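Coordinate inspection notes
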Amino acid sequence: MDTRLTNPSRSTLAILALVVGACGHGDKESKNDQPTPLVTEPAKPEMQAATVKGAKPNTSWWPQQVNLQPLRDHTAQSNPLGPEFDYPKEFAKLDLAQVKKELAALLTASQEWWPADYGNYGPFFIRMAWHSAGTYRVSDGRGGAGGGQQRFEPLNSWPDNANLDKARRLLWPIKEKYGSKISWADLMALTGNVAMESMGFKTFGYAGGREDDWEADQMYWGPEDKMLADERYKADRKLQGPLAAVQMGLIYVNPEGPNGEPDPLKAAKDVRDTFGRMAMNDEETVALIAGGHTFGKAHGAHGPSNCIDVEPAAAGVAEQGLGWKNKCGTGNAGDTVTSGLEGSWTSSPVAWTHEYLKNLWTFDWKQTKSPAGATQWIPSDPAAANLVPDAHDKTKRHAPIMFTTDIALKMDPAYAKISKRFLDDPKAFELAFAKAWFKLTHRDMGPRARYLGAEVPAEELIWQDPVSAVAHKQPDAADITRLKKDILASGLTVPELVRAAWASAASFRGTDMRGGANGARVRLAPQKDWAANDPAELSKVLTKLGEIQVAFNKAATGGKQLSLADAIVLGGVAAVEKAAKDAGVVVEVPFSRGRADATDAQTDAQSFSWLEPHADGFRNYLEDDAVTSAGYERSPSTLLIDKADRLTLTVPEMTVLIGGMRALGATAGGSKRGVLTDKPGTLSNDFFVNLLDMSTQWKPTSKKYEFDGVDRKTGRTKWTATEVDLVFGSNAELRAVAEAYAYEGNSRFVRDFVAAWTKVMNLDRFDLRR
């Protein structure tokens, strides 16, 4: 279906700014004054069959149904390289220095079909790398460079990513040559580094390790159903839930100012909010904007609505995945159109200089209009009118420009203090930009254990959630057996041990590889105080496990030591084995030693606060405002799916864990809701048997999302449960899995529970996957 911009207003021409430049990364921050509607036109004839016909998803008929698709995404069936493919092994075969050499040569090999600004694709590739990583949001860890999602919809066709389809086509010969030895995700990040280095900037380092996805992520990008629409703010301009960008289809903010208003102070507020939600503080934000805008230019030779055809996803098959065809002039080079903003910030757009900050502070700036009518800023001094060379015509020169968001770095008191300090101390600026760029492009990779290659920086950074390397010998099998007996004889109950182990390990989120049991951060702020973890009980369990740890370490010989992180997980192992034995099934739960204990100094408490669970269906935990915390209502069962998705679980794994946690009595606060067994603490399939028992009728209570199960004959209350419990009987697909665990018997159930439990305990053990 074709979507086109119609009836453009002046500010429409700028909504793609910062990100829309054909060869300048600077076109990356955008927002619209009065969002121009994206009008749906009749489908092209060759597209009508696919548009009109086709199966409707069940959620189109019954939108209230829980959507299980997030637990089925990115399956092995989508990956053409097969389940045996080992990316770290393939990456190790790569001659990284040679790849960089070839990338550097590519930068200045301008192609006629897409000529390079100033004869250098460097700024274009910086923008590509920036936008690949810049979707990251700290609230839920989604987005970021991992997976190379920029290749897929919706990102591939976002207005903010206009013309980046060409950047990846320029890279294709190198990707084709090296194939699976370097992923698209790694290649895009590496190319950004090479571009900067080739233009004279010293980067902080580079790590490979981003495996490619083979299908698009299905994630919440906002409430809007039209690109460039803005429905995500409340009246007080509070941005909704997990979102970071200001508008659907954009990466950052409107360079003209909020809603197109050229007010630098109001723009600063948007910049601070958006960059903060992307894990950047004020200093990192100033460094990124100032450093990024040292390179390249914005593109607005003509008005987008008059020149630009549809985005890649709406283009016909003959376009072969390319979009935004430009019918004005040559369609590229000096006629390039992505936004309405036009110009460069410095007189040397393909070299690392300090001119951006010098220009910002040296000149007084006045508002002007781009050729397309967008609001931007130029020096009030007429002598600056010819400082900047044209990107393609040597006979032309221009004034440097600034966006409203650039002027904000001078007008906002906090930003001004930082930018002035950077102006006066260029070395500090260079280091700050190098570190901020490294953080931007590596933030979603998780700990350093996942980093690959010869250019990994030696310095550990706090945002990497460092954990000291294990330098001691590990307890042997006999030690583990004795430790499990000591734990079970300590007076701690099965539910207490299971809850503590879960609290530690299930903090992991596969979206950005943060959290998990390694480091035992569950004993540190802020995790030790999270309400979901029942701080009083957790303290009791950790104290007792700590005593066992200290006693073992004191008595151990041969340099063997036990970390508290391992002790916590081992406590869960011992509890699950006992609970299974009590149900008549003897099982050995796998236990992988080798975790270490992090310190407070290695832990950014503020950053970790984003990992706090406000809903955890596995523990039947739900805070009062959890369903609306994102700014829109999500049912408890939907929140469960989201939690399971971040734990990288499948539908059967989620189901068996729910049944097992309920049977173990591992609900938050020891609640009886959902514990559908008269033998809590025993690992049985009772939850499924009793949930599916037709002698029980479920009735809602006076409290939302809670239910009583009554005997159909006597009316006596037999069980209590929540929506999270009952969805395994009400949803047809979940019921099918629940039935399997009810009729297959306890042996199959215990086996599958142990496998899923072990997976969760080891989610952050990247050292085991090498």
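Structure: see above.
The notes below deal with the structure included here.

Definitions and limits used
- Residues numbered from 1 in each chain as written.
- Predicted model: local features only at pLDDT ≥ 70, side-chain atom pairs only at ≥ 80, totals over all residues.
- Heavy atoms only, no water.
- Helix = DSSP H or I, 4+ residues; strand = E, 2+ residues; numbered from the N terminus.
- Rg over C-alpha atoms; globule rule 2.2 N^0.38 Å.
- Buried < 20%, exposed > 50% of the residue type's maximum accessible area, 1.4 Å probe, protein only.
- Contact = heavy atoms within 4.5 Å.
- Areas by Shrake-Rupley, 256 points an atom, 1.4 Å probe, with all protein chains shown as cover.
- Lys, Arg positive; Asp, Glu negative; His and termini not counted.
- Charge placed at Lys NZ, Arg CZ, Asp CG, Glu CD.
- Core = buried A, V, L, I, M, F, W, Y, C linked by side-chain atoms within 4.5 Å.
- Salt bridge = Lys/Arg side-chain N within 4 Å of Asp/Glu carboxyl O.
- Disulfide = S-S within 2.5 Å.
- Axes fitted to C-alpha atoms, helices over the stretch in contact; angles between N-to-C directions.
- Parallel < 35°, antiparallel > 145°, perpendicular 65-115°, else oblique.
- Polar contact = N/O pair within 3.5 Å; in protein donor to acceptor, adjacent residues only side chain to side chain.
- Pairing = 2+ DSSP bridges.

1. Topic: the overall build of the protein
Of the regular secondary structure elements, the protein holds 25 helices and 13 strands. On C-alpha atoms alone, the protein measures out to a radius of gyration of 28 Å, which is about the 27 Å that the 2.2 N^0.38 rule sets for 770 residues. C-alpha atoms of the protein, sized along the principal axes, occupy 85 × 65 × 50 Å. Out of the 770 residues in the protein, the part that is buried amounts to 59%. Contacts in the protein between residues far apart in sequence, at least 24 positions, make up 72% of those at least 6 positions apart. Of the roughly 30,400 Å² that the protein leaves accessible, carbon and sulfur atoms contribute 53%. Of the side chains in the protein, 92 bear a positive and 98 a negative charge, and the two mean positions are spaced by 3 Å.

2. Some thoughts on the nonpolar core
In terms of nonpolar packing, the biggest core is built from 101 residues, with Phe 125, Tyr 356 and Phe 433 touching the most fellow members. Those residues in contact with Tyr 356, other than ones at most four positions away along the chain, are Ile 289, Ala 290, His 293, Thr 294, Trp 345, Thr 346, Met 402, Asp 406 and Leu 409. Within the second largest apolar cluster, 80 residues are counted, among which are Trp 502, Val 573, Val 651 and Ala 721.

3. Focus: the pattern of salt bridges
According to the stated counting rule, one finds 51 salt bridges in the structure shown. Across the pair Glu 455 and Lys 100 runs a salt bridge whose closest N-O atoms are separated by 2.8 Å. Here Glu 455 is found in the loop between α14 (426–442) and α15 (477–488), whereas its partner Lys 100 is found in helix α4 (residues 96–107), with 355 residues between them in sequence. The salt bridge partner of Asp 693 is Lys 718, with a shortest N-O separation of 3.9 Å. You can see Asp 693 sitting in the loop between α22 (686–691) and β11 (696–700) and its partner Lys 718 sitting in strand β13 (residues 717–722), a full 25 residues away along the chain. Residue classification places Lys 718 among the partly exposed residues on the basis of a relative accessible area of 23%. Salt bridges here are not isolated pairs; linked through shared partners, they connect Arg 137, Asp 140, Arg 142, Asp 642, Asp 645 and Arg 646.

4. Here's the deal with the state of the cysteines
With the rule as written, the count across this model stands at 1 disulfide. Between the sulfur atoms of Cys 307 and its disulfide partner Cys 328 the distance amounts to 1.9 Å. Taking the sign of the S-S torsion, about -85 degrees here, the bridge from Cys 307 to Cys 328 comes out left-handed. Placement of the pair is Cys 307 in helix α10 (residues 304–307) and Cys 328 in the loop between α10 and β4 (343–344), with a sequence separation of 21 residues.

5. Section: the packing of α15 against helix α18 (residues 564–582)
One can describe the packing of α15 onto α18 by two numbers: an axis separation of 9 Å at closest approach and a directional angle of 75 degrees. Between α15 and α18, the crossing angle belongs to the class labelled roughly perpendicular. The segment α15 lies against α18, with Ile 480, Leu 483, Lys 484, Ile 487 and Leu 488 engaging Ala 567, Leu 570, Gly 571, Val 573, Ala 574, Ala 575, Glu 577 and Lys 578.

6. Quick notes on the side chain of Asp 616
Relative to the helices and strands, Asp 616 resides in strand β9 (residues 615–616). Polar side-chain contacts of Asp 616 include one of 3.0 Å to the side chain of Trp 502. Side-chain polar atoms of Asp 616 contact the side chain of Arg 619, separated by 2.8 Å. Setting aside residues no more than four positions away along its own chain, Asp 616 makes contact with Trp 502, Tyr 621 and Lys 643.

7. Examining the pairing of β13
Where strand β12 (residues 706–711) lies against β13, 5 bridges are found, and the strand directions are antiparallel. For Gly 709, the partnering residue across the bridge sits in β13 and is Trp 719. Following β12, the chain reverses through 5 residues before pairing antiparallel with β13; Gly 715 in that reversal takes a positive phi of roughly 80 degrees.

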